[in-house]
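Single-letter residue listing:
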Amino acid sequence: MDMSLYPHAVAMSADEFMTWSDAMINDLLSSGMKKTIDSLTGPIWAWGMKNSMHPLHWGLACCALEMAAASAPRYDAERYGMIYRSSPRQTDILLVNGWISKKIRPDLRRLYEQIPNPKWVVAMGECAISGGPWYDSYNIVQGLDQIVPVDLYIPGCPARPDAMIDGFMLLQKKIESYFDRGVTMED
Amino acid sequence: MDAEVLQSPSVEEIVSQFKAHCPCVEVTKTETRRVYAKVPSENIFKVCQFIHDNLTYEHCSTVIGVDYIDHLTVVYHLTNYYSGVMIELSADVPSEDPHIDSVTPIWQGANWHERETWELFGIVFDNHPRLERLLTPKTYEFFPFRKSYKLRGWE
Amino acid sequence: MADSIVPVKEIEEKMDTDKMWVIMGPQHPFSHGLWTLKVQLDGEIVVDADPIVGYLHRGWEKETENRTYPKIIPMADRLCYAASMTYTHLYCMTVEKALGIDIPEKAKYIRIVADEVCRIQSHLMWLAAVGTDMGNLTVFLWCMREREFFLDLNVKLCGQRMTTNFPRIGGVRNDTTELFDRDIIRTVDRFEKALWDIIYLIDDSSIFFSRMKGISYLTREQVANMGMTGPAMRGCGVDFDIRRDDPYDNYDKVDFEVPVETEGDSYARYKIRIEEMFQSCDIIRQAVQKINALGKNAPYRLKVPSRVPAGTAFTRLEDPRGESLMYLVSDGTDKPYRLKVRSPIFTNVSTSKAMCVGCRIADVPAILAQIDMCLGETDR
């Protein structure tokens, strides 16, 4: 039974739906409960989360202007479900788009820990990936992965808005495969 | 001494006013709309007071520190809003125990510039209302822009 | 305050209340950049404010001491990323002054065009931020749409949208392309009509008026003494614009007016930037005509030596945000000895205390939006 068809259940004809749900109920009764529920609901979570990625409304430096341009009319990230939220408690994604100085480092770590699970971290721009042009500075952390675990790197200096949207579509693939193992208690 | 107040002095007028009222100021160079001068660091407050009151220089553009290894220099750039003529004053301070009078009582705009110069070079501005670290974290204890401090990889 | 039946003030004075410090911290939707503003509140009125900057400090000036002169041009772009062309222009002017050379006429006019395009797109970014702060998201979308057309012009000129790396020491990187003058005149014509649409949207809204008019008065003496420069200063009555009063790079050969208001409140500072956008369109038209008059084969770049003779030099420029200045100390080698950047927002942010005290906490984002911050140049 193909659970990835779940969202399209509304488009099935009556016969198709009967055969499909019969197979589902059989599966449920024969195998373990949790495993089945996981395999049922995992793709639903994935479909929901990947189409409503909510990054934190936080701009650090130059790449932040390209992030703003990505939600502008020409590149329009909102059609992918990306709405910026002001409070870290209501977001999924920490998008870091500038160089990280030692003064902001504790606040960045605190923001990361304030975002509830499941969360993803995106490093946008050369400065967040590896320190960028400021490689010899006394005040700059050489890369975001020294502080938090990073899921996606978007290169560019500054990363064009279409590069950022392309990166987020890759993140959608990563989110899909994240729930393949099912939903656990810590999510 | 009672000097007249000039609102929009030209370069020649400024040079002659300095000669008449502030003999310690040594004008090194003049260009169109620019006057470059050297001042001993003890007299900087009186000279700046004169420039503010009598020559109507209402705006202190910037206070810069430079590290020439045997001495440090503080450079002031002052602007007149009526004539567009800028005055550059430079004052030398010794490397060990550098102190100079703050011009914050005259121009409030110099407040953060002097704070930044202290934090990056170590030049102490006497009578500054709040000489604390501004740009670097409070735990730093070194003065980054001195020539003795080298960035990583550039020994 | 409005009159009310309950005698609020008398009750408040009898109550034993504390003043509270609210930290509008580094992550804040209205902060337009990475800084903190601590405000001390007595009820709803702000009685003290303390800005904290330095979250983006990278030691830019120290890093330039380890790079050769041409390598600093892309670094200068990333000082103020919203108005990047003006900082590279300023840097190239400073090095050219230290070298003592005069660049070709065509390069000066191309630099003027690039500067004014940069000014318009920076002011559009500011207007988008003002719209978001006041809660009007339509203004944000319309301004960003217009800004995209000016970024297209940047792409046609030099290939990059934002941090363009276009001016060079001795001129500019390349000549204007084939149909650039047609494209730029079309964009400017279209923009003037679209800007009137945006202005009607804002001026007809009583919310914008009541949130900007009468808020945060500053007198001319205060502004001149505190070191505030740029459109915010001209909104308080100081009639000074570096392009007109201390001209550089052929700005004395183009005609334009400098808008000045004497009111001194937020609404005056807002009106100045709108008028500056219209004046920039005029300047662009005149400069493009002059470039065409010089012809296709006029030189646009000089070869310059890699070593700069020992000495000091400084130049200043009218940034979209105020007066920016660069001071170069060179020692005869191919790397600078000391390069200092004076950014206008550094002093404008220090005036946020004087601007916010006495207003209500809900007005604070609207007031700060008028400073038009770009924290990359503050912290350098």
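This one's a predicted model, so the numbers in the text were calculated from it and none came from an experiment. (Residues numbered from 1 in each chain as written. Chains lettered and ligands numbered in written order. Predicted model: local features only at pLDDT ≥ 70, side-chain atom pairs only at ≥ 80, totals over all residues.)

Engineer: Can you walk me through the environment of Thr262(C) in this structure?
Structural biologist: Residues and elements named next belong to chain C. With respect to the element layout, Thr-262 can be found in the loop between α11 (242–245) and α12 (266–294). Looking at Thr-262, the number of C-beta atoms within 10 Å reads 12, which means it is exposed. C-alpha of Thr-262 to C-alpha of Pro-74: the two residues are 188 residues apart in sequence and 38 Å apart in space. (Helix = DSSP H or I, 4+ residues; strand = E, 2+ residues; numbered from the N terminus. Buried ≥ 20, exposed ≤ 12 C-beta atoms within 10 Å, placed from the backbone.)

Engineer: I'm lost on the sheet that holds strand β4 (residues 71–79) of chain B in this one. Help?
Structural biologist: Strands belonging to one sheet form pairs held by backbone hydrogen bonds; the direction of such a pair is parallel or antiparallel. Residues and elements named next belong to chain B. The five strands are arranged β1-β2-β5-β4-β3 in an open sheet whose pairing can be described as mixed. The sheet is open, and its two borders are formed by β1 (26–31) and β3 (59–68), each paired with just one other strand. In this sheet, adjacent strand axes meet at a mean angle of 20° when their direction is disregarded. (Pairing = 2+ DSSP bridges. Axes fitted to C-alpha atoms, helices over the stretch in contact; angles between N-to-C directions.)

Engineer: Which parts of the structure should I look at to understand the interface of chain A and chain C?
Structural biologist: Frequently, the measure chosen for interface size is the accessible area removed from exposure when the parts meet. Each partner contributes to the interface: chain A provides 27 residues, whereas chain C provides 24 residues. Residue assignment for the side of chain A that touches chain C shows that the elements contributing at least two residues are α3 (62–70) and α4 (105–114) of chain A. When residues of the side of chain A that touches chain C are assigned to their parent elements, the largest contribution, four residues, is made by α3(A). Residue composition of the side of chain A that touches chain C, by class: 16 nonpolar, five polar and six charged. (Contact = placed C-beta atoms within 7 Å. Nonpolar A, V, L, I, M, F, W, Y, C, P; charged D, E, K, R; others polar.)

Engineer: I keep staring at the interface of chain B and chain C and nothing clicks. Help me out?
Structural biologist: Every contact between the two is made by 24 residues of chain B and, on the other side, 28 residues of chain C. Of all the elements in the fold, those that place two or more residues in the side of chain B that touches chain C are β3, β4 and α3 (110–121) of chain B. Sort the elements by how many residues they give to the side of chain B that touches chain C and β3(B) lands first, with six residues. Among the residues making up the side of chain B that touches chain C, the classes are represented as 13 nonpolar, nine polar and two charged.

Engineer: Looking at this model, I keep getting lost on the pairing of β3(B). Mind explaining?
Structural biologist: Two faces belong to every sheet, and in a regular strand the side chains alternate between them. All names here are of chain B. The element β3 is extensively covered by neighbouring structure, given that nine of its 10 residues are classed as buried. Where β3 and β4 come together, nine bridges link them in antiparallel fashion. If you follow Val-63 over to β4, its bridge partner there is Tyr-76.

Engineer: Whenever I open this one, the domain arrangement of chain A confuses me. Can you help?
Structural biologist: Residues and elements named next belong to chain A. Each assigned domain of chain A is listed here: domain 1 (8–50) and domain 2 (62–179). Taken together, the contact pairs six residues of domain 1 with six residues of domain 2. Counted by class, the side of domain 1 that touches domain 2 contains four nonpolar, one polar and one charged residues. (Domains from an automatic or database assignment.)

Engineer: Looking at this model, I keep getting lost on helix α2 (residues 44–54) of chain B. Mind explaining?
Structural biologist: Residue and element names in this part refer to chain B. Residues of α2 that are buried: Ile-44, Val-47, Cys-48 and Ile-51. Buried residues along α2 cover an arc of 95° about the axis, so they all sit on one side. Contacts from the buried residues of α2 go to β4, β5 (86–94) and β6 (99–101). Once α2 ends, the next one or two residues include Thr-56, with phi positive near 55°. (Arc of directions from axis to C-beta.)

Engineer: How do you make sense of the packing of helix α7 (residues 180–203) of chain C against α12(C) when you look at a structure like this?
Structural biologist: When two helices pack together, their arrangement is captured by the angle between the axes and the distance separating the axes. Residue and element names in this part refer to chain C. At a minimum axis distance of 11 Å, the contact between α7 and α12 shows a crossing angle of 165°. Compared by their axis directions, α7 and α12 come out roughly antiparallel. In this structure, α7 crosses over α12, and the sense of that crossing is left-handed. On α12, the residues that touch Asp-181, Ile-184, Ile-185, Val-188, Phe-191, Glu-192, Leu-195 and Ile-199 of α7 are Ile-274, Met-277, Phe-278, Cys-281, Ile-284, Arg-285, Val-288 and Asn-292. Residues of the contact of α7 with α12, tallied by class, amount to 12 nonpolar, one polar and three charged. (Parallel < 35°, antiparallel > 145°, perpendicular 65-115°, else oblique. Left-handed = near helix turned anticlockwise from the far one by under 90°.)

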